[in-house]
Amino acid sequence: MKKRLIALALLLCMLFSCALAEDARYGQVYDTAQDADRLTVRYLWLGPQVADDKPGDCMILTSPDGKIMVLDAGHPQATQYIIAALDAMGVKKIDYLVASHPHIDHIGGMAALMDRYEVGIHYSTELWHTTNTYKGYVAAIERNHIEQVYLHEGDSFMFGDQVTVYVYNPEAEISYYADYPKSGTQFMNNHSLVLKFVYGDSSFLMAGDLYSTGETDVVKRWGDALHADVIKANHHGLDTSNSPKWRKTVNPDITVITNDLLGSVFVAQKYARNGKQMYHIFLDGDVRVSTAGDGEYEVLTGKDRQTDFFD
């Protein structure tokens, strides 16, 4: 009995030590001391599945001159993780709030963020939806008198004074089908914003939940302009997306997969081929990628990967 108690005590100490270590790493990921003069992207772990749905996507970007962008805001039930991250960073104002497309796991936390923080400008596609989540999101924009700008391919804007954001999707004219939005998942995903962030010799690409068919269309229209050093895998790294043509065209050195589950091992393996770096929030926790604009990147993860399915 005494040996069992000692073993249990040792196990509890190990678990407590691991928890403390992860708390410390979380603090490092959201420590902004290194952000000055760097473009930094933090890819958030938004918790486990919520209401039998994905917790979704959220990225917090900091420009070299200290501007804050929140790109997507997860499921409503995952908002606590976004607020915790922003508060850990000491954020009082979201200078740019961006919605890639109007699915619940991308705009779910938008209304809460608009009500809690000052928001400078809101960028989105012009695509509309009929859900209560979407209606609440639109009401929050109006209630808080936030400037709304719709983006489409060919647009560009500045993120702070030194980062240029190029828009490669959706097309300017959205042709809705007769009974939209019925059975509209793929249609909405293929109208996701495709944004390329360029700072000096460094580049990041974010393309929401673009499906393979949408990837093909965007590649046809924009080709090599889509090349980027760092990307977020499309549609949470699932095999609905991340086609060979897309991977070859973008040709990233670093890929981050934002999924609370393993998703597609096949897709993860493809992004990790030939010595490329692939990070997965299911295995790595929150991920911070930072650059001084010189084409070099520093990566910090919220926890150490305990096992690797991708070797």
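Data block above holds the structure.
Everything quoted here is computed from the prediction, not taken from an experiment. (Residues numbered from 1 in each chain as written. Predicted model: local features only at pLDDT ≥ 70, side-chain atom pairs only at ≥ 80, totals over all residues. Heavy atoms only, no water.)

Chemist: Even after reading the chapter, I still don't get the overall build of the protein chain, so can you show me in this structure?
Modeler: Secondary structure assignment for the protein chain yields 10 helices and 15 strands. The C-alpha radius of gyration of the protein chain comes to 20 Å, within 12% of the 19 Å expected for a compact globule of 311 residues. Projected onto its principal axes, the C-alpha coordinates of the protein chain cover approximately 70 × 45 × 45 Å. Expressed as a percentage of its 311 residues, the buried residues of the protein chain come to 53%. Intrachain contacts of the protein chain at a sequence separation of at least 6 include 66% that bridge at least 24 residues. When the accessible surface of the protein chain is summed, it comes to about 14,000 Å², and 52% of that surface belongs to carbon and sulfur atoms. Computed over 27 positive and 41 negative side-chain charges, the inter-centroid distance for the protein chain is 7 Å. (Helix = DSSP H or I, 4+ residues; strand = E, 2+ residues; numbered from the N terminus. Rg over C-alpha atoms; globule rule 2.2 N^0.38 Å. Buried < 20%, exposed > 50% of the residue type's maximum accessible area, 1.4 Å probe, protein only. Contact = heavy atoms within 4.5 Å. Areas by Shrake-Rupley, 256 points an atom, 1.4 Å probe, with all protein chains shown as cover. Lys, Arg positive; Asp, Glu negative; His and termini not counted. Charge placed at Lys NZ, Arg CZ, Asp CG, Glu CD.)

Chemist: Any chance you could explain the pairing of strand S4 (residues 93–98) here in plain terms?
Modeler: A regular strand places its side chains so that they alternate between the two faces of the sheet. Burial within S4 is extensive, with 5 of its 6 residues counted as buried. Relative to S4, strand S3 (residues 68–71) runs parallel, the two being bridged by 3 bridges. Along S4, the bridge assignment pairs valine 70 with leucine 97. Taking the sense of rotation as the criterion, the β-α-β connection linking S3, helix H2 (residues 79–88) and S4 turns out right-handed. Pairing of S4 with strand S5 (residues 118–124), which is carried by 5 bridges, proceeds in the parallel orientation. Among the inter-strand pairings, tyrosine 96 is bridged to a residue of S5, identified as isoleucine 121. (Pairing = 2+ DSSP bridges. Right-handed = clockwise from strand over helix to strand, strands pointing away.)

Chemist: I tried to follow helix H7 (residues 212–222) on my own but got confused; where do I start?
Modeler: Helical geometry note: an α-helix holds 3.6 residues per turn, so side chains three or four residues apart project in the same direction. Looking only at H7, the buried set comprises Gly214, Glu215, Val218 and Val219. Buried residues of H7 fall within an arc of 135° about the axis and therefore sit on the same side. Where the residues of H7 are buried, they touch strand S8 (163–169) and helix H8 (244–250). Once H7 finishes, glycine 223 follows within two positions and takes phi at roughly 50°, a positive value. (Arc of directions from axis to C-beta.)

Chemist: Sorry, what's going on with the environment of glutamine 77 here?
Modeler: Examined against the element boundaries, glutamine 77 turns out to sit in the loop between S3 and H2. The spatial distance from the C-alpha of glutamine 77 to the C-alpha of glycine 108 is 7.8 Å, given a sequence separation of 31 residues.

Chemist: How do you make sense of the sheet that holds strand S11 (residues 230–232) when you look at a structure like this?
Modeler: As a general point, the strands of a sheet are linked pairwise by backbone hydrogen bonds and lie either parallel or antiparallel. Spatial strand order, S7-S8-S9-S10-S11-S12-S13: 7 strands in an open sheet with mixed pairing. Here the strands that pair on one side only, and so sit at the sheet edges, are strand S7 (156–159) and strand S13 (277–280). Averaged over all pairs of adjacent strands, the angle between strand axes in this sheet comes to 20°, irrespective of strand direction. Of the pairings in the sheet, the one linking strand S9 (residues 194–199) to strand S10 (residues 202–206) comprises 5 bridges and is antiparallel in character. (Axes fitted to C-alpha atoms, helices over the stretch in contact; angles between N-to-C directions.)

On their own, these measurements won't tell you what the molecule is for.
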